[in-house]
Amino acid sequence: MQPQLAQVVAARMVTLRTVRITLSGVDIECPTPDAYVKLFFPLPGQAEPELAPPVAGDVVSWYQSYLAMPDDVRPPMRTYTVRAHRPSVAEIDVDFVLHGATGPGSSWASRAQFGDRIAFLGPSGVHYVPKEIGRAHV
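Residues numbered from 1 in each chain as written. Predicted model: local features only at pLDDT ≥ 70, side-chain atom pairs only at ≥ 80, totals over all residues. Heavy atoms only, no water.

Caption draft 1: The arrangement of helix α2 (residues 104-111) in detail. Counting buried positions along α2 gives six out of eight residues, so the element sits mostly inside the fold. Among the residues making up α2, those that are buried are Pro104, Gly105, Ser106, Ser107, Trp108 and Ala109. (Buried < 20%, exposed > 50% of the residue type's maximum accessible area, 1.4 Å probe, protein only. Helix = DSSP H or I, 4+ residues; strand = E, 2+ residues; numbered from the N terminus.)

Caption draft 2: Spatial organisation of the packing of aromatic side chains. Counted under the stated rule, the structure contains 10 aromatic pairs. Taking the centre distance of 5.7 Å and the plane angle of 55° together, the rings of phenylalanine 41 and tryptophan 108 count as tilted. Note that phenylalanine 41 is positioned in the loop between β3 (36-40) and α1 (59-67) and tryptophan 108 in helix α2, a separation of 67 residues in sequence. Side by side, phenylalanine 41 and tryptophan 108 carry an identical accessibility label, which is buried. (Phe/Tyr/Trp six-rings, centres within 6.5 Å; stacked < 30°, edge-to-face > 60°.)

Caption draft 3: Fine view of unusual backbone geometry. Phi at alanine 90 takes a positive value of approximately 55°, unusual for a residue other than glycine. Mapped onto the elements, alanine 90 comes out in the loop between β4 (77-86) and β5 (91-97). Taking relative accessible area as the criterion, alanine 90 reaches 21% and is therefore assigned partly exposed.

Caption draft 4: Quick look at the confidence of the model for the protein chain. When the pLDDT values of the protein chain are averaged, the result is 83; 80% of them are 70 or greater. Counting interchain partners and residues more than four positions distant, the pLDDT-below-50 stretch residues 134-138 has one contact. (pLDDT = per-residue confidence, 0-100. Contact = heavy atoms within 4.5 Å.)

Caption draft 5: Local environment of the nonpolar core. If you look at the biggest cluster of nonpolar residues, it comprises 21 residues, and the most contacted ones within it are Ile21, Leu23, Leu39, Phe41, Phe96 and Trp108. In contact with phenylalanine 41, other than residues within four places in its own chain, are Pro49, Pro75, Pro76, Arg78, Tyr80, Phe96, Pro104, Gly105, Trp108 and Ile118. Phe40, Tyr66, Met69 and Ala119 belong to the second-largest nonpolar core, a separate cluster that totals nine residues. (Core = buried A, V, L, I, M, F, W, Y, C linked by side-chain atoms within 4.5 Å.)

Caption draft 6: Geometry of the pattern of salt bridges. Counted under the stated rule, the structure contains seven salt bridges. Between aspartate 95 and arginine 83 there is a salt bridge; the shortest N-O distance is 3.5 Å. Here the residue aspartate 95 occupies a position in strand β5, and arginine 83 occupies one in strand β4, the gap between them amounting to 12 residues. The salt bridge involving aspartate 93 is made with arginine 86; its shortest N-O contact spans 2.8 Å. (Salt bridge = Lys/Arg side-chain N within 4 Å of Asp/Glu carboxyl O.)

Right, dumping it as structure tokens:
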């Protein structure tokens, strides 16, 4: 499991303090209704976040590689719920609460615009819903 780059294709206000960002280039499957992604934000002066070197192995191996990055290049990472998923056009929507420049997500989302790049890892989820849901089982 490795982070992938995605591009902002839309940013629109949902409420006075919430912005919905549409990310494109996300060739993923959202296996659960509560799917979430880890987002990696570029540091000031970067066009896109620098990613940890690829590793072979499990999630723990990747996370160790991420933590081993020097502080001045390691991108801030936060977890967000996937609000909508459109696999036919490789897009997801993620909502961000705008609470000033107090965190990397809020700061980035408040100025995100078409073409900006961000990285994501996932999705993951807690609840599994079988594809046969709603079908009668005999």
